[in-house]
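Now for the letters of each chain:
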Amino acid sequence: MQAFIDQPKRIPLILKLGIWVSEKITGKTMLPARILAWYPKAAIGSGIMESLVAHEDGAMTQRMLKLIRMTASHAVACPFCVDMNSYEYRDVGITDEEAESLRGDVERVTTFSEREKLAIQYTRVISQTPLKFQPDLVERVKSAFNEREFVILASTAAQVNYWARLIQALGIPPAGFGE
């Protein structure tokens, strides 16, 4: 499977450096970054956003953020995102049963904390179209997460949604993280 368009034959040096770093870190060909080289401003902006995403911050643990990323990836049905964001989920303490439940039925899994369940539920809302925030859900999330955590939750889910829409619009297939 190929993307809708090929990557450019010539990539500006600054983008080559960024692509090299991302491919060194992931060990995979990062086709999204390569195709974005057609429009360097989009590539640079996307790269900056990606470099600043939260990886752990206080109670927003790696596990919590991975749950948010995996949930958003499934909610928007992005094969590349599911592949990338589900990679090594066990390393942050997510079980196979928990990972599988993120595709739909979280309530059947008893190992999620109440905060995790709320984060998953709110991520699903953030990832749906049209956006429709129920006041009671917003209040429950606000009571379980402080303001900083609320922003990290929302921005992490939104970041996955950005990538999912962009990657799907360009027809980019999974990179093979799960292989």
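Residues numbered from 1 in each chain as written. Predicted model: local features only at pLDDT ≥ 70, side-chain atom pairs only at ≥ 80, totals over all residues. Heavy atoms only, no water.

1. Let's talk about the side chain of R69
- Its place among the elements puts R69 in helix α4 (residues 62-75).
- Buried charge R69 goes without a salt bridge, the closest partner of opposite sign being E50 at 6.2 Å.
- Polar contacts involving the side chain of R69 include one to the main-chain carbonyl oxygen of A54, which spans 2.4 Å.
- Contacts of R69, omitting those with residues within four sequence positions, involve V53, A54, N85, T156, Q159 and V160. (Helix = DSSP H or I, 4+ residues; strand = E, 2+ residues; numbered from the N terminus. Buried < 20%, exposed > 50% of the residue type's maximum accessible area, 1.4 Å probe, protein only. Lys, Arg positive; Asp, Glu negative; His and termini not counted. Salt bridge = Lys/Arg side-chain N within 4 Å of Asp/Glu carboxyl O. Polar contact = N/O pair within 3.5 Å; in protein donor to acceptor, adjacent residues only side chain to side chain. Contact = heavy atoms within 4.5 Å.)

2. Some words on the packing of aromatic side chains
- Counted according to the given criterion, the structure contains four aromatic pairs.
- Ring geometry for Y122 against F133: centres 5.5 Å apart, planes inclined by 45 degrees, an arrangement best described as tilted. With a gap of 11 residues between them, Y122 in helix α7 (residues 114-126) and F133 in the loop between α7 and α8 (135-144) connect regions that are remote in the sequence.
- Its relative accessible area of 6% is what places Y122 among the buried residues.
- Three or more aromatic residues link up through ring pairs in this structure, and these residues are Y122, F133 and F150. (Phe/Tyr/Trp six-rings, centres within 6.5 Å; stacked < 30°, edge-to-face > 60°.)

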